[in-house]
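Listed below, chain by chain, are the residues.
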Amino acid sequence: MQAHPVRRSRGVIMVIALITLAVLMIGAVAAIRSMNVSLANVGNFGFKRDMTNQADRAMRRAMDSINLGGALTANNASLNYSATMLSTTPEGIPQVLATMPTPGTMGGVATAGNVIDLNSAISGESATDLARLTVYYVIDRMCLNTGAMDAATCATASTPPQGGKSPGDIVPEPKPLYRISVRVDGPRGAQSFYQATVSN
């Protein structure tokens, strides 16, 4: 007489155990997927940081070119330099950098020898899928014409005298602004653009 209730209770326990096991499996799958997404995000942040670091290298090289380039009144491809403003995309990126897939010699504004080309294998990638990190940069003077700087046709930077203006103060000579634009092509098809405006 006592056998039937015992069998019924064993069947209920089996159903509860199966439901619990299913819930645990779903939770484990969700946790694994979440971990994979987190790892991918960490990797992407690392790639982005490395691309920013390489862009800094190009910025320093471009600023050295401006500081050592003399008058910079004419185009100079060996410095990746244009004495006039380059045409840009609606986002403000020079067209010579925005061309796909690679700018090459960047429309005669720059030379391929100035491209910072870094090839390195990322751990976990196959030999046929090497990460390619390539940095391109151009400098353009914010002027409408080549030749000597003319405040009427150039964007300029000048530092006003400290403490206000008074008679006899030396008015600083206006200096042209230079736009440095950098493009970094990174692994997994990533691409970043960086810009800075400086004067010498």
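Keep in mind the model is a prediction, meaning the values are calculated, not measured.

Asker: Got a sec to walk through the overall build of the protein chain? Specific residues and values, please.
Answerer: Of regular secondary structure, the protein chain possesses 2 helices and 7 strands. For the protein chain, the proportion of its 200 residues judged to be buried stands at 29%. Considering only contacts within the protein chain whose residues lie at least 6 apart along the sequence, 62% involve residues at least 24 apart. Accessible surface, the protein chain as shown: approximately 12700 Å² in total, 60% of it carbon and sulfur.

Asker: Give me the lowdown on unusual backbone geometry, citing residues and values where you can.
Answerer: Most of the time, phi is negative for any residue but glycine, and the peptide bond is trans. Unusually for a residue other than glycine, asparagine 80 sits at a positive phi of about 60 degrees. Note on asparagine 80: relative accessible area 0%, which makes it buried.

Asker: Would you mind going over the state of the cysteines in detail, with residue names and values included?
Answerer: Inspection of every chain in the model, using the stated rule, returns 1 disulfide. Between the sulfur of cysteine 143 and that of cysteine 154 lies a disulfide, 1.9 Å long from S to S. Disulfide cysteine 143-cysteine 154: torsion about the S-S bond near 115 degrees, hence right-handed. Here the residue cysteine 143 occupies a position in the loop between β3 (131-141) and β4 (156-157), and cysteine 154 occupies one in the loop between β3 and β4, the gap between them amounting to 11 residues. There is no split in this pair, since cysteine 143 and cysteine 154 are both buried.

Asker: Which residues make up the nonpolar core, and what values go with them?
Answerer: Ile139, Ile180, Val182 and Val184 are the most contacted members of the largest nonpolar core, which totals 21 residues. Mapped by element, the contributors of at least two residues to this core are α1 (3-68), β3, β6 (178-185) and β7 (191-198). If you tally residues by element for this core, the top one is α1, at 6 residues. Setting aside anything within four residues of it in sequence, one finds isoleucine 139 in contact with Ala62, Ser65, Ile66, Leu79, Asn80, Tyr81, Ser82, Tyr178, Arg179 and Ile180. Within the second largest apolar cluster, 9 residues are counted, among which are Val96, Ala110, Val115 and Tyr136.

Asker: Could you give me a rundown of the packing of aromatic side chains, with the residues and numbers involved?
Answerer: Scanning the model with the defined rule gives 1 aromatic pair in all. When the ring of tyrosine 81 is compared with that of tyrosine 178, the centres are 6.1 Å apart and the planes differ by 50 degrees; the resulting orientation is tilted. Taken together, the residues span a long stretch of sequence, with tyrosine 81 in strand β1 (residues 81-82) and tyrosine 178 in strand β6 at a distance of 97 residues. Note on tyrosine 81: relative accessible area 2%, which makes it buried. Residue classification places tyrosine 178 among the buried residues on the basis of a relative accessible area of 2%.

Asker: Would you mind going over the side chain of aspartate 185 in detail, with residue names and values included?
Answerer: On the secondary structure map, aspartate 185 appears in strand β6. A distance of 3.1 Å separates a polar atom in the side chain of aspartate 185 from a polar atom in the side chain of glutamine 191.

Asker: With reference to specific residues and values, describe the environment of threonine 84.
Answerer: Of note, threonine 84 is situated in the loop between β1 and α2 (95-98). Classification of threonine 84 as buried rests on a relative accessible area of 19%. As for threonine 84 and threonine 73, which are separated by 11 residues in sequence, their C-alpha atoms are 8.9 Å apart. Here threonine 84 is in contact with Asn75, Asp140, Arg141, Cys143, Leu144, Asn145 and Thr146, once residues within four sequence places are set aside.

Reading guide: rules and limits
- Residues numbered from 1 in each chain as written.
- Predicted model: local features only at pLDDT ≥ 70, side-chain atom pairs only at ≥ 80, totals over all residues.
- Heavy atoms only, no water.
- Helix = DSSP H or I, 4+ residues; strand = E, 2+ residues; numbered from the N terminus.
- Buried < 20%, exposed > 50% of the residue type's maximum accessible area, 1.4 Å probe, protein only.
- Contact = heavy atoms within 4.5 Å.
- Areas by Shrake-Rupley, 256 points an atom, 1.4 Å probe, with all protein chains shown as cover.
- Disulfide = S-S within 2.5 Å.
- Core = buried A, V, L, I, M, F, W, Y, C linked by side-chain atoms within 4.5 Å.
- Phe/Tyr/Trp six-rings, centres within 6.5 Å; stacked < 30°, edge-to-face > 60°.
- Polar contact = N/O pair within 3.5 Å; in protein donor to acceptor, adjacent residues only side chain to side chain.

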